[in-house]
Amino acid sequence: MSEHKLTETYGYKICILLSFMQDRAGANKNFVDRIMTIKRQVRIGDPIDDDDQLFFSDILDDVIRIADLGEKHEDFGKFLYTHADIDAYLPTKNNN
């Protein structure tokens, strides 16, 4: 089994992407409300100002990068299993 550098691991990469997203959320007042307002405007065909277009584009970039990493990285399943306590919900094996 080859050793991975920390920066090559799924855990490291997803944490960095989530950190960027969290930074963006912290820098924008009413982050979720703003996203939902823009989404509603798009849905009904209202114009969106330039700042909101850029903001929404950045959010989509974050989501696309996270989705892409989950799809392509070989350690995605292992990361979920070890960090989401999935094993706590699986039936236990009785070795008696």
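Residues numbered from 1 in each chain as written. Predicted model: local features only at pLDDT ≥ 70, side-chain atom pairs only at ≥ 80, totals over all residues. Heavy atoms only, no water.

Here's the deal with the overall build of the chain
Looking only at helices and strands, the chain has four helices and zero strands in total. Secondary structure elements of the chain occur, N-terminal to C-terminal, as α-α-α-α. Expressed as a percentage of its 96 residues, the buried residues of the chain come to 20%. Partitioning the intrachain contacts of the chain with sequence separation of at least 6 by distance along the chain shows that 58% fall at a separation of at least 24. Put simply, the chain shows about 7,800 Å² of open surface, and 55% of that area lies on carbon and sulfur atoms. (Helix = DSSP H or I, 4+ residues; strand = E, 2+ residues; numbered from the N terminus. Buried < 20%, exposed > 50% of the residue type's maximum accessible area, 1.4 Å probe, protein only. Contact = heavy atoms within 4.5 Å. Areas by Shrake-Rupley, 256 points an atom, 1.4 Å probe, with all protein chains shown as cover.)

Some remarks on the side chain of Gln41
With respect to the element layout, Gln41 can be found in helix H2 (residues 31–44). Leaving out residues up to four positions away in the same chain, Gln41 has contacts with Asp46, Pro47, Ile48 and Asp52.

Overview of unusual backbone geometry
For residues that are not glycine, phi is negative in most cases, and the peptide bond is trans in most cases. Positioned with a positive phi, Asn30 is a non-glycine residue whose angle comes to about 55°. Looking at where Asn30 falls in the secondary structure, it is placed in the loop between helix H1 (10–27) and H2.

Brief notes about helix H3 (residues 50–72)
Given a rise of 1.5 Å per residue, 23 residues ought to cover 33 Å, and the 33 Å separating the end C-alpha atoms of H3 matches this to within 8%. Among the residues of H3, those classed as buried are Asp52, Phe55, Ile59, Asp62, Leu69 and Gly70. Looking at the buried residues of H3, the elements they touch are H1, H2 and helix H4 (76–83). Looking at where H3 begins, the residue whose side-chain oxygen comes 3.3 Å from the main-chain nitrogen of Asp51 is Asp49. (Expected span 1.5 Å × (residues − 1). Polar contact = N/O pair within 3.5 Å; in protein donor to acceptor, adjacent residues only side chain to side chain.)

What to know about the environment of Leu80
Looking at the secondary structure, you find Leu80 in helix H4. Overall, the relative accessible area of 34% leaves Leu80 in the partly exposed class.

Let's talk about the environment of Leu18
By the secondary structure assignment, Leu18 is in helix H1. Remark: the alpha-carbon pair of Leu18 and Ile66, spanning 48 residues in sequence, is separated by 8.0 Å.

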